[in-house]
Amino acid sequence: MSLFILIPGFLSGSLIKLTDDIEDKNLLHKLYAIPGGIAYGLLMGFLMISDTDLALLFGGIILGNLLMGKIDSMGHYFGLGAILVMLFLYGIKLSLLVLPVAALAALDEMGDLIHAPKFLEFIFEYRLTLKVGILVFTALNILGLNALIVLLAFDAAYILTGRITRRVAHEV
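Right, let's walk through the structure included here. For every chain, the first residue of its written sequence is number 1, and the numbers climb from 1 along that sequence. Confidence filtering applies because this is a predicted model: local features only for residues at pLDDT of at least 70, side-chain atom pairs given and counted only at 80 or more, and all residues used for totals across whole chains, interfaces and linings. Derived side-chain values reflect all non-hydrogen atoms in the structure, with water molecules and hydrogen atoms excluded from consideration.

**Let's talk about the environment of Ala-39**
- Inspection of the secondary structure assignment puts Ala-39 in helix H2 (residues 33–50).
- Throughout this description, buried means an accessible area under 20% of the type-specific maximum (1.4 Å probe, protein chains only), exposed means over 50%, and partly exposed covers the range between. Judged by relative accessible area, Ala-39 falls into the partly exposed class, the value being 27%.
- Sequence spacing of Ala-39 and His-115 is 76 residues, and the spatial spacing of their C-alpha atoms is 33 Å. A run of DSSP states H or I qualifies as a helix once it reaches four residues; a run of E qualifies as a strand once it reaches two. Both are numbered from the N-terminal end.

This is how it looks when you write it as structure tokens:
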């Protein structure tokens, strides 16, 4: 594991949340979400072409979010476009394992669509379904440890950025 993939994983998580919050919480004019989307898309595309396990991880996350209708704004359209450009230029190898990863990612997004019972709120709030699933895949040696570590870095950045933008939004 190197900083070569850890830092882009962390930055992409932060940029996705920032892109989300620019559009959803009106932190800035919505056009500012476009460069954020392009930046996270290029980073995710880079990660996907750099490591097969990360291609499966992020490919599954993208498919799961597409299934759940979470890619729904200009910044995210540009992010998806940047990912696709990277993949078309450099190519990736995916297996059918991308489908269970996509299902786990889609389950994580269910909390936004349904009113979950109180005891499940924590699971949906911190999107634990995907994390536990990737942990199991790693323990079974189906995915490499890189996938789990980058997912945790990605998600830590996502959560941290959300807390920062929440404070900024309350001050404005």
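Moving on, there is more to tell.
**Considerations on the side chain of Glu-23**
- Here Glu-23 lies in helix H1 (residues 3–24).
- We count Lys and Arg on the positive side and Asp and Glu on the negative side, and we leave His and both chain ends out. Whenever Lys or Arg places a side-chain nitrogen within 4 Å of a carboxyl oxygen from Asp or Glu, that contact is recorded as a salt bridge. Buried charge without a partner: Glu-23 forms no salt bridge, and the closest opposite charge is Lys-30, 6.3 Å away.
- The definition of a polar contact used here is a pair of N or O atoms within 3.5 Å, where within protein one atom must be able to donate a hydrogen and the other to accept one, and adjacent residues in sequence count solely through side-chain atom pairs. A distance of 2.2 Å separates the side chain of Glu-23 from the side chain of Ser-73, its partner in a polar contact.
- Of the polar contacts made by the side chain of Glu-23, one reaches the backbone nitrogen of Met-74; its length is 3.5 Å.
- Throughout, a residue-residue contact means that at least one pair of heavy atoms, one from each residue, lies within 4.5 Å. Residues within four places of Glu-23 in sequence aside, it is in contact with Lys-30, Ala-33, Ser-73, Met-74, Gly-75 and His-76.

**Side note on the nonpolar core**
- The biggest cluster of nonpolar side chains holds 32 residues, and the ones touching the most others in it are Phe-58 and Ile-134.
- Those elements giving two or more residues to this core turn out to be H1, H2, helix H3 (52–67), helix H4 (74–90), helix H5 (98–113), helix H7 (128–139) and helix H8 (145–171).
- When residues of this core are assigned to their parent elements, the largest contribution, seven residues, is made by H3.
- If near-sequence neighbours (up to four positions away) are discounted, Phe-58 is found in contact with Met-44, Leu-47, Met-48, Val-150 and Phe-154. Take the buried residues of types Ala, Val, Leu, Ile, Met, Phe, Trp, Tyr and Cys, join any two whose side-chain atoms come within 4.5 Å, and each joined set is a nonpolar core.

That's the geometry; what it means functionally is another story.
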